[in-house]
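# Report on the structure
These are the residues of each chain, in order.
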Amino acid sequence: MSLPTPVSSVSTPAVGAIQPFQPALRRTSWCNQVTPQAVGQTVVLNGWVSVNRDLGGITFIELRDRTGLVQLVADPQKNAGVHAVLGSLRNEAVISIIGVVSHRPEETINPNHPTGTVEIYPETVTVLNRSKVLPFQLDEAAQVDEAVRLKYRYLDLRRPEMYKNLQLRHKLAHAMRTYFNAEGFLEIETPILIRTTPEGARDYLVPSRVHAGSAYALPQSPQLFKQILMMSGCERYFQLARCFRDEDLRSDRQPEFTQIDVEMSFVTQDDVMNTMEGLITEMFKEADVHLQRPFRRMTWQYAMETYGSDKPDLRFGLEFVKLTEVFTESDFAVFREPAQKGIVLALKVPGAASYSRKELDDLQKDAKRFGAKGLAYILFTEDEGMKSPILKYFSDAEKQAIVDKVQPETGDAIFFMADVNFNKACDVLGRFRIQFAKKHNLISPDSHEVTWVVDFPMFEKDEATGALSPCHHPFTAPKPDHLHLLHTAPEQMLAQAYDMAYNGAEIGGGSIRVHQPELQEALLKVIGFDAAAAHDQFGFLLEALQFGAPPHGGIAFGMDRIAQMLTGSDSIREVIAFPKNNQATCLMTQAPVAPAPAQTKELHFDWVLPEEEESKA
């Protein structure tokens, strides 16, 4: 290709002065393409000054674009004008250069860098924009407070690490679309302005200007619309859907997030799961993670009483042993009552018999923090054998049963959790399982364990009120052989629901849906919707179900979470271009802000602030 006409290398005015417009030169190469094969070629590069050093009067600059770095050298004896311009630049100034690629002197070669054997003496330099003093150095961002990084997100995103995160996210989306296209799915957009629905979290509301006193809601998910698409005959739908939930934030939560949304008609649970295994396998390849199919499957009951979680981390062992039957007739009431009404679990931790008194006391504090009264234990020491404050409460038969079932060795410790509440006992010991694994370095960073969890309870009961609520959502179909429990013992029903867990995190969840209107109305009644309330909230769905709705099911995956885990990031904020902080604020734009009075008047609403409510009270 022909090179552009060289431009002046004279420096432009300082920051703050209005500068004459300087167009970027048409680049001939990306920085990472300046390799030994390019030696002798004249190239045009555009990018940012990443590093500027003066060594013995010679200026060395590392020029950065999105692909990498290349070294520029300016010698005042060879080109005084270029040397003056480059020497005047701060980091993050934007420049275009023309120069010939040459070999580096042997003593300056950097064998660990793709362009470490070459350099460029620019013939001309165009300063496209200068930079103020940076609020933080890009190569020191790991030590910078996250609030500063979020405020200057445009600088933070220049870091190669952040660019790679966004690049992988793009590749995941591309792999998703390629896979679904080959499988006959249609990508269909669903509305963003919808009616509010009870889905478990608060809706974000958008007041309507043309319908005074009314508001739209932003979707927590496209759930009802994708079901309607199945009733419309589309049969296979997917969408990279934007969703919104006004809930408290954690490192893996955002008020707006992206999910891979899928729905299929005329399918069984196995059909959906097998198709999604293919999707995840193809997506993970983009991160050089190669999964083996079929994925492991386990029931919710097994996952809870074996790993203490419905999203079990299978990168290590530490499986629970169920001791409920051992203590049903025990004299030790602390274990007997849970054995009769709930569950008794044991967890063997190799090497934990050496824990100090302080470490054991800290575990008791952790147990109370997790919601338990304490954490019982037995240490198996070389000097004293079985050692524990609770041994005096066990019969010899119970001690022997514990040893036979758990099979401890000298140096091990057994930790117990017993509670009449099954979920609570499993959850607390599950938290300790993760804690012990981290303490003993049992989790391999190179392991990738994916599993399906199936047969979830259909409903969960509020201990205080006794009210039932859906474990997934109210449109989930029960297992066919559990339909007879609907009017007699709905809390015992199991659902045709399935979650996918990856390395201890839920990355996707779905279910076979209800497609008969009578069953849907009956299930809504169980969770407190009478006929009038059901039709007020879900009338359009219930009506659509009466016009030939096919059997259907689907799933949604958390795109942000998948990208976070595959990049090894600590937070989903590291894989979202412009995230909110943990107060749901965009520090860069300062959103949210109070609207102007003219806006609120036009939208027919006014604020009632907390302090105003207090003053009225």
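Here the structure is shown first, and the text comes after it.
Note that the structure is a prediction, hence the values are computed from the model and not measured. (Residues numbered from 1 in each chain as written. Predicted model: local features only at pLDDT ≥ 70, side-chain atom pairs only at ≥ 80, totals over all residues. Heavy atoms only, no water.)

## Some points on the pattern of salt bridges
Taken as a whole, this structure holds 34 salt bridges when the rule is applied. A salt bridge links Asp 156 to Arg 153; the shortest N-O distance between them is 2.9 Å. Taken as a pair, Asp 156 and Arg 153 lie in helix α3 (residues 153-156) at a separation of three residues, close to a single helical turn. In terms of burial, Asp 156 and Arg 153 fall into one category: buried. A single salt-bridge network, built from bridges that share partners, covers Arg 149, Arg 153, Asp 156, Arg 159, Glu 161 and Glu 574. (Salt bridge = Lys/Arg side-chain N within 4 Å of Asp/Glu carboxyl O. Helix = DSSP H or I, 4+ residues; strand = E, 2+ residues; numbered from the N terminus. Buried < 20%, exposed > 50% of the residue type's maximum accessible area, 1.4 Å probe, protein only.)

## Quick notes on the sheet that holds strand β13 (residues 343-349)
The strand order across the open sheet formed by five strands is β12-β13-β16-β14-β15, and the pairing between neighbours is antiparallel. Every interior strand has two partners, whereas the edge strands, β12 (320-322) and β15 (385-387), have only one. The average angle at which neighbouring strand axes cross in this sheet is 25°, direction not considered. As defined by bridge partners, strand β14 (residues 376-381) adjoins strand β16 (residues 413-419) across four bridges and the pair is classed as antiparallel. Bridge pairing in β16 places Leu 379 opposite Ala 413. (Pairing = 2+ DSSP bridges. Axes fitted to C-alpha atoms, helices over the stretch in contact; angles between N-to-C directions.)

## Quick look at helix α11 (residues 422-439)
Across its 18 residues, α11 extends 26 Å between first and last C-alpha, which sits within 8% of the 26 Å expected from 1.5 Å per residue. For α11, every residue scored as buried is listed here: Phe 422, Ala 425, Cys 426, Val 428, Leu 429, Gly 430, Phe 432, Arg 433, Phe 436 and Ala 437. Contacts made by the buried residues of α11 are with α7 (300-307), β12, β13, α9 (357-370) and β16. Structurally, the start of α11 carries an N-cap: the backbone nitrogen of Asn 423 is 3.1 Å from a side-chain oxygen of Asn 421. The first or second residue beyond α11 is Asn 441, which carries a positive phi of 55°. (Expected span 1.5 Å × (residues − 1). Contact = heavy atoms within 4.5 Å. Polar contact = N/O pair within 3.5 Å; in protein donor to acceptor, adjacent residues only side chain to side chain.)

## Concerning the sheet that holds strand β11 (residues 296-299)
Pairing is mixed across the open sheet formed by eight strands, whose spatial order is β6-β9-β10-β22-β21-β20-β17-β11. Of all strands in the sheet, those with a lone pairing partner are β6 (186-187) and β11, marking the two edges. Summarising the sheet, strand β21 (residues 505-512) and strand β22 (residues 552-558) pair through five bridges and their orientation is antiparallel. Residue Gly 510 lies in a different strand from β22, and its bridge partner there is Ile 555. In the packing of helix α6 (residues 269-285) onto the sheet, contacts are made with β10 (256-265), β11, β17 (450-454), β20 (497-502), β21 and β22, and the angle to β20 comes to roughly 20°.

## Thoughts on the nonpolar core
Phe 180, Met 276, Met 283, Phe 284, Phe 415 and Phe 557 are the most contacted members of the largest nonpolar core, which has 104 residues in total. Non-local contacts of Met 276, meaning those with residues more than four positions away in its chain, are made with Phe 180, Val 262, Met 264, Trp 452, Met 500, Ile 555 and Phe 557. Grouped together as the second largest cluster of nonpolar side chains are 23 residues, Cys 31, Leu 72, Val 82 and Ile 97 included. (Core = buried A, V, L, I, M, F, W, Y, C linked by side-chain atoms within 4.5 Å.)

## Describing the packing of aromatic side chains
Enumeration over the complete set of coordinates arrives at 24 aromatic pairs. For the ring pair Phe 180 and Phe 185, a centre distance of 4.7 Å and an interplane angle of 55° mean the geometry is tilted. Each of the two residues, Phe 180 as well as Phe 185, counts as buried. Among the aromatic residues, those joined into a ring-pair cluster are Phe 327, Phe 332, Phe 335, Tyr 393, Phe 394 and Phe 416. Directly above the ring of Trp 30 sits Arg 27, whose terminal nitrogen or CZ lies 4.0 Å from the centroid. In this structure, Lys 78 packs its charged tip against the face of Tyr 121, placed 4.2 Å from the ring centre. (Phe/Tyr/Trp six-rings, centres within 6.5 Å; stacked < 30°, edge-to-face > 60°. Lys NZ or Arg CZ within 6 Å of the ring centre and 35° of its normal.)

## So, helix α8 (residues 333-341)
Along α8, the positions that sit buried rather than exposed are Phe 335, Pro 338 and Ala 339. Taken down its axis, α8 places every buried residue within 105° of arc, on the same side. (Arc of directions from axis to C-beta.)

## Some words on the pairing of β20
Of all six residues making up β20, six are buried, and the element is well covered by its neighbours. Where β17 and β20 come together, five bridges link them in antiparallel fashion. Opposite Val 453, over in β20, you have Asp 499 as the bridge partner. Pairing of β20 with β21, which is carried by six bridges, proceeds in the antiparallel orientation. Counterpart to Tyr 502 in the pairing with β21 is Ala 505. Where β20 folds back onto β21 in an antiparallel hairpin, the turn is made up of two residues, including Asn 503, whose phi is positive at roughly 50°.

## Quick notes on the environment of Leu 566
Along the chain, Leu 566 turns up in helix α14 (residues 559-567). The spacing of Leu 566 and Asn 46 is 520 residues in sequence and 31 Å in space, taken between C-alpha atoms. Discounting residues that sit within four places of it in the chain, Leu 566 has contacts with Leu 168, Leu 172, Phe 284, Ala 287, Val 289 and Tyr 502.

## Observations concerning the pairing of β14
Here β14 lies mainly inside the structure; six of its six residues are buried. Note: β14 against β15, three bridges, orientation antiparallel. Within the sheet, the bridge partner assigned to Phe 380 lies in β15 and is Met 386. Count of turn residues in the β14/β15 antiparallel hairpin: three residues.

Remember, this is a structural readout, not a statement about activity or role.
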